[in-house]
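Here's the letter readout for the chains.
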Amino acid sequence: MQVIQVAIAVPMSQLFDYKIDNAIATDSAMIELSQTELASGEAASTASVVARSDNNELLGCRVLVPFGPRKCVGIVLRVDVESDYAISKLKSVIEILDSSPVCSEQMLTLGQWMSEYYHYPIGEVLHTLLPAALRKQQSGKTKAAVATQSYLQLHAATKAHSEVDELLARSVKQFDLYCLLEKSAQRLSSIKQQFSAAIIKGLIDKLLIEKVDVVEKPDEWTAQLSISEKPLPNVEQAMAISTINLANGFDTMLIEGVTGSGKTEVYLQIIEPLLAAGKQVLILVPEIGLTPQTVGRFEKRFGIRVGTLHSNLNDTERLQVWQQAKDGSLGIIIGTRSSIFTEMKNPGMIIVDEEHDESFKQQDNLKYHARDIAVYRARQLNIPLVLGSATPSLESLHNALEKKYRHILLPNRAGSAAMPAQRLMNIKGQPMQYGIAQGMLDKMQIQLDAGNQVMVFVNRRGYAPALLCHQCGHVENCARCDNPMTVHKSANNLQCHRCADIRHLPKVCAECGHNELDTFGVGTEQLQQGLESLFPDYATVRVDSDTVRGKGKLSKLLQEINQKKYQILVGTQILSKGHHFPDVTLVLILNVDSALFSADFRAPEKLAQLITQLSGRAGRSDKAGEMWLQTHCPEHPLLQDLINNGFSDFARYALLERKHAALPPHEHQICIRSESHHKHLSVHFLQLCAQIFTQFKHAKVLGPFPAFIEKKQGRYRNLLIIQSASRKYLQQVTEQANKALSEMPVSKQVRWSIDVSPIDFS
């Protein structure tokens, strides 16, 4: 009877012993046999089947096991172990769910490293590495996903030319698509880049064309690879491409390129030789919104299907892409944060675009950073890692300046595009309309009259950030968060953006009963309505998480913006990241001052990155661009440095400041977070934590202090920061303290977690 150790997704840092009965092992092996040898007409005795199941083939497989009153899916981490318990007392595995491992030895090693580095239970870490469908499945074998490619072709029942001409007489676009398919069948993905869904559907409804799914075999994409026409790189791009292509084995390179410098073109040209050699490439992007345009560009260049992984896919779709990457059916995989855990059959390179973006850090549960995991995985796979950003994080820039990463600069924009002029608008004493100074409205009018597009940024969705009574001053707060509720007039409600609580928009004050309720501040919804009234001759579109909710909504909006259906763009940070709007010539940023006086030492870095990224949306073609920042503090040193010297100079000065202040990246931090419905319990737990850490000579203890968002969902939130000049030392003391913390009685009365290298203290 075989004994195995299983990792189960429970908050306990241990493995669990189970025994495998011969009947279970035989059944599992027979199912595997039926899928392989028996399918090819071969046979084997039951004895040989049992022998095959009694080895390390179970390592990395999922098993269904009893755990208390429940049945749980676990991952086999060790086989043939000597248990500390009597065999008779061990529970038996209910079912072996996989005929082959879902976690390779490399992924198991990664999971064990993450468990130690992030001080998180191994079972929950390993389940994080798997697609959600594999975490939920509790019976049956994992089915291999069939890789298919969708094509459009002429309908099998071919119509006469005269009939086609009659059907398409009033639709030029449909006729163009029909003529294209007359020559040969085309991939649906590439057709979608040229024609709208309505045009494709129209031809299908008229039975002139049809969609067919063609089954692809693993590695078949290498034969389909066809490089389309590519631009000639400029001198800086050519040097970057040459440097990266010469990399042999593991090497981390940081591309620091100004907005519009052609980083994506560099990515396209460095992966070309890898794809030609049959190697796979994993590309991480920070937002779902960047995925469609990036995928379209890569598919057009290489003529192969690109796999995507992001939260807008359902569990089945994500599992299919994960399996196809694992068996080599995909050459390029593009995804958001969690796609870093995708296995590749023939890995060639990992690219992290916009590596500075905060969305690469998981803030809930297992608090990993995808960029840091990418470094580990690239070293593990012995392949190059490319990090790219116009505004690199100070951590990555520090590593590059210290020669830990290779540093590649792209200081100029590609083609004839020039960097936009950056200016400050002093709004002291100026008349304002919907949060915009009159002087800025005049500048917007000039650009719109010239046929250009204007982007207005305000990082507040909804109509207004607060609703107050004009008579008594009462503000409508969220009861669970002690935070003003945001007014959403289109939905006729108040919403808390911290806990998602919703209530109807009141008609009278809850405190004094008067009906004089006023909104305070400006959000994207109010700004859109205001600009529509101020510029009635021009179309305005709002791009925030309220308007892009739904599959394909953001992609459609971006397409319409580039078709100049809208002239005024109003949005939040969704608009700031990597989008190419060739006709935007003016970018206006409202409410800059709110970020100038934050208690967060990272606030200046985040603001500088945001301003620079937004500035990069202007003047990306042959039209000159400009960016304006409305501020009451034009003399502020951060704004002056950024406007006059640029992000590169600001970042290097900020690194020097951090060094003198002994802050990351020169020193290293971990953050212990505590939450409780009772404020004193949350603080008391962290006070006990502080007593433990103060025993370590080379660890600095800061706190406890309230989180920047002190109350959320009815829980009081507090922080304790532990800091050291040595990352290794900090890891060691945290590991020792973690065991003591878990044994304290008060630790069972609060929610607490460890955040390694925190970037958000809210």
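Residues numbered from 1 in each chain as written. Predicted model: local features only at pLDDT ≥ 70, side-chain atom pairs only at ≥ 80, totals over all residues. Heavy atoms only, no water.

Observations regarding the overall build of the protein chain
Thought 1: Within the protein chain, the secondary structure is distributed over 23 helices and 34 strands.
Thought 2: Over its C-alpha trace the protein chain gives a radius of gyration of 29 Å, about what one expects of a compact globule, namely 27 Å for 762 residues.
Thought 3: By principal-axis analysis of the C-alpha atoms, the protein chain measures approximately 85 × 85 × 60 Å.
Thought 4: Considering only intrachain contacts with a sequence separation of at least 6, the fraction spanning at least 24 residues in the protein chain is 76%.
Thought 5: A distance of 2 Å separates the average location of the 81 positive side-chain charges in the protein chain from that of its 79 negative side-chain charges. (Helix = DSSP H or I, 4+ residues; strand = E, 2+ residues; numbered from the N terminus. Rg over C-alpha atoms; globule rule 2.2 N^0.38 Å. Contact = heavy atoms within 4.5 Å. Lys, Arg positive; Asp, Glu negative; His and termini not counted. Charge placed at Lys NZ, Arg CZ, Asp CG, Glu CD.)

Comments concerning the sheet that holds strand β33 (residues 715-724)
The strands making up a sheet associate through backbone hydrogen bonding, with each pair oriented either parallel or antiparallel.
Thought 1: Taking strand neighbours across the sheet as the criterion, the 4 strands line up as β32-β33-β31-β34 in an open arrangement whose pairing is antiparallel. If you trace the sheet from one side to the other, it starts and ends with β32 (700-712) and β34 (751-756), each paired once. Averaged over all pairs of adjacent strands, the angle between their axes in this sheet comes to 20°, without regard to strand direction.
Thought 2: Where β32 meets β33, 7 bridges bridge the pair, whose relative direction is antiparallel. Directly across from K700, in β33, lies its bridge partner Q723. (Pairing = 2+ DSSP bridges. Axes fitted to C-alpha atoms, helices over the stretch in contact; angles between N-to-C directions.)

A short note on helix α16 (residues 394-401)
Thought 1: Most of α16 sits out of view: 7 of its 8 residues are buried.
Thought 2: Buried within α16 we find L394, E395, S396, L397, H398, N399 and A400.
Thought 3: Against the buried residues of α16 lie β9 (251-257), α15 (370-381), β14 (384-389), β15 (406-410), α20 (603-615) and α21 (637-660).
Thought 4: Phi turns positive one or two residues past the end of α16, at K403, with a value near 70°. (Buried < 20%, exposed > 50% of the residue type's maximum accessible area, 1.4 Å probe, protein only.)

Structural notes on the sheet that holds strand β13 (residues 347-353)
Thought 1: What the 7 strands build is an open sheet, ordered β11-β12-β10-β13-β14-β9-β15; its pairing is parallel. Sheet topology places β11 (306-309) and β15 at the edges, where each strand pairs with a single neighbour. Neighbour-to-neighbour, the strand axes of the sheet open up by a mean angle of 20°, direction not taken into account.
Thought 2: Taken together, the 4 bridges between strand β10 (residues 280-284) and strand β12 (residues 332-335) define a ladder with parallel strand orientation. Bridge pairing in β12 links V281 to I332.
Thought 3: The strands touched by helix α12 (residues 263-276) are β9, β10, β12, β13, β14 and β15; relative to β13, the strand with the most contacts, the crossing angle is about 170°.

Some remarks on the environment of N426
Thought 1: Mapped onto the elements of the fold, N426 is located in strand β16 (residues 421-426).
Thought 2: Spatially, the C-alpha atom of N426 lies 7.3 Å from that of C633, the residues being 207 residues apart in sequence.
Thought 3: Apart from residues no more than four positions distant in its own chain, N426 is found in contact with T631 and P634.
Thought 4: Within polar-contact distance, the side chain of N426 engages the backbone nitrogen of K428 at 3.1 Å. (Polar contact = N/O pair within 3.5 Å; in protein donor to acceptor, adjacent residues only side chain to side chain.)

Comments concerning the packing of helix α7 (residues 172-183) against helix α9 (residues 197-205)
Thought 1: Where α7 meets α9, the closest approach of the two axes is 10 Å, and the angle between their N-to-C directions is 70°. Overall, the two elements α7 and α9 adopt an arrangement that is roughly perpendicular. Contact residues: K173, Q174, L177 and Y178 in α7; A198, I199, I200, G202 and L203 in α9.
Thought 2: Taken together, the residues of the contact of α7 with α9 sort by class into 6 nonpolar, 2 polar and 1 charged. (Parallel < 35°, antiparallel > 145°, perpendicular 65-115°, else oblique. Nonpolar A, V, L, I, M, F, W, Y, C, P; charged D, E, K, R; others polar.)

Considering the layout of surface pockets
Thought 1: Estimated volume of the second largest pocket: approximately 880 Å³.
Thought 2: Looking at the lining of the second largest pocket, the elements that each hand over two or more residues are α3 (105-117), α15, α16, α20 and β31 (668-676).
Thought 3: Examining the composition of the lining of the second largest pocket, we find that 5 residues originate from one element, α15, more than from any other. (1 Å grid on protein atoms, 1.4 Å probe; cavity = no way out; pocket = protein on both sides within 12 Å on 5 of 7 lines; lining within 4 Å. Points joined across faces, edges and corners; volume = space filled by probe spheres on them.)

Overview of the nonpolar core
Thought 1: The biggest cluster of nonpolar side chains holds 73 residues, and the ones touching the most others in it are M114, I340, F341 and I672.
Thought 2: Residues Y566, L629, F650 and A651 belong to the second largest nonpolar core, which totals 38 residues. (Core = buried A, V, L, I, M, F, W, Y, C linked by side-chain atoms within 4.5 Å.)

Considerations on the packing of aromatic side chains
Thought 1: Within the structure shown, the criterion is met by 12 aromatic pairs.
Thought 2: Geometrically, the ring pair formed by F685 and W752 is tilted, given 5.4 Å between the ring centres and 45° between the ring planes. Placement of the pair is F685 in helix α22 (residues 679-693) and W752 in strand β34, with a sequence separation of 67 residues.
Thought 3: Overall, W752 belongs to the partly exposed group, its relative accessible area being 23%.
Thought 4: Their ring planes at 55° and their centres at 6.3 Å tell us that F693 and F696 sit as a pair that is tilted. Here F693 and F696 have matching classes, each one buried.
Thought 5: Grouping aromatic residues by their ring pairs yields a cluster made of W113, Y117, Y118 and Y376. (Phe/Tyr/Trp six-rings, centres within 6.5 Å; stacked < 30°, edge-to-face > 60°.)

Some details on the pattern of salt bridges
Thought 1: Under the counting rule described, the total for this entry stands at 26 salt bridges.
Thought 2: With a shortest N-O distance of 3.5 Å, K606 and E358 are connected by a salt bridge. Taken together, the residues span a long stretch of sequence, with K606 in helix α20 and E358 in the loop between β13 and α15 at a distance of 248 residues. (Salt bridge = Lys/Arg side-chain N within 4 Å of Asp/Glu carboxyl O.)

Some remarks on the pairing of β9
Thought 1: The buried fraction of β9 amounts to 7 of the 7 residues, a majority that puts the element mostly inside the structure.
Thought 2: Residues D251, M253, I255 and G257 line one face of β9 and the alternating positions T252, L254 and E256 line the opposite face, and both faces are buried.
Thought 3: Here 6 bridges tie β9 to β14, and the two strands are oriented parallel to one another. Residue E256 lies in a different strand from β14, and its bridge partner there is S389.

Re the pairing of strand β29 (residues 584-589)
Thought 1: Of all 6 residues making up β29, 6 are buried, and the element is well covered by its neighbours.
Thought 2: In this structure, β29 lies alongside strand β30 (residues 626-631), joined through 4 bridges in parallel fashion. Each residue of the ladder has a partner; that of L586, found in β30, is E626.
Thought 3: In this fold, β29 hands off to α20, which returns the chain to β30; that crossover is right-handed. (Right-handed = clockwise from strand over helix to strand, strands pointing away.)

Describing α15
Thought 1: In a regular helix each residue adds 1.5 Å, so 12 residues correspond to 16 Å; α15 covers 16 Å between its end C-alpha atoms and thus fits that length.
Thought 2: Most of α15 sits out of view: 9 of its 12 residues are buried.
Thought 3: Listing the buried residues of α15 in full gives A370, R371, I373, A374, V375, Y376, R377, A378 and L381.
Thought 4: Each element contacted by the buried residues of α15 is listed here: α3, β10, β13, β14 and α16.
Thought 5: Of the residues trailing α15, N382 is marked for its positive phi of about 60°. (Expected span 1.5 Å × (residues − 1).)

Some details on the state of the cysteines
Thought 1: Applying the stated criterion across every chain, the model contains 0 disulfides.
Thought 2: Cysteine C103 shares no disulfide, and the gap to the nearest cysteine sulfur, in C61, comes to 9.5 Å.
Thought 3: Free of any disulfide, C689 has its nearest cysteine sulfur in C671, 11 Å distant. (Disulfide = S-S within 2.5 Å.)

Structural notes on the confidence of the model for the protein chain
Low-pLDDT portions of the prediction should not be read for the details of their coordinates.
Thought 1: Here the protein chain averages 87 in pLDDT, while 92% of its residues score no lower than 70.
Thought 2: Across residues 29-55 the pLDDT falls below 50, and counting only partners more than four positions away or on other chains, this stretch makes 29 contacts in the model.
Thought 3: Here residues 139-145 is modelled with pLDDT under 50, and outside its nearest four sequence neighbours on either side it reaches 21 contacts, counting other chains as well. (pLDDT = per-residue confidence, 0-100.)

What about the side chain of Q237?
Thought 1: Take Q237: it is sitting in helix α11 (residues 235-245).
Thought 2: Classification of Q237 by relative accessible area gives buried; the value is 6%.
Thought 3: Contact partners of Q237, with chain neighbours within four places excluded, come to S261, G262, E265, V266, L410 and A414.

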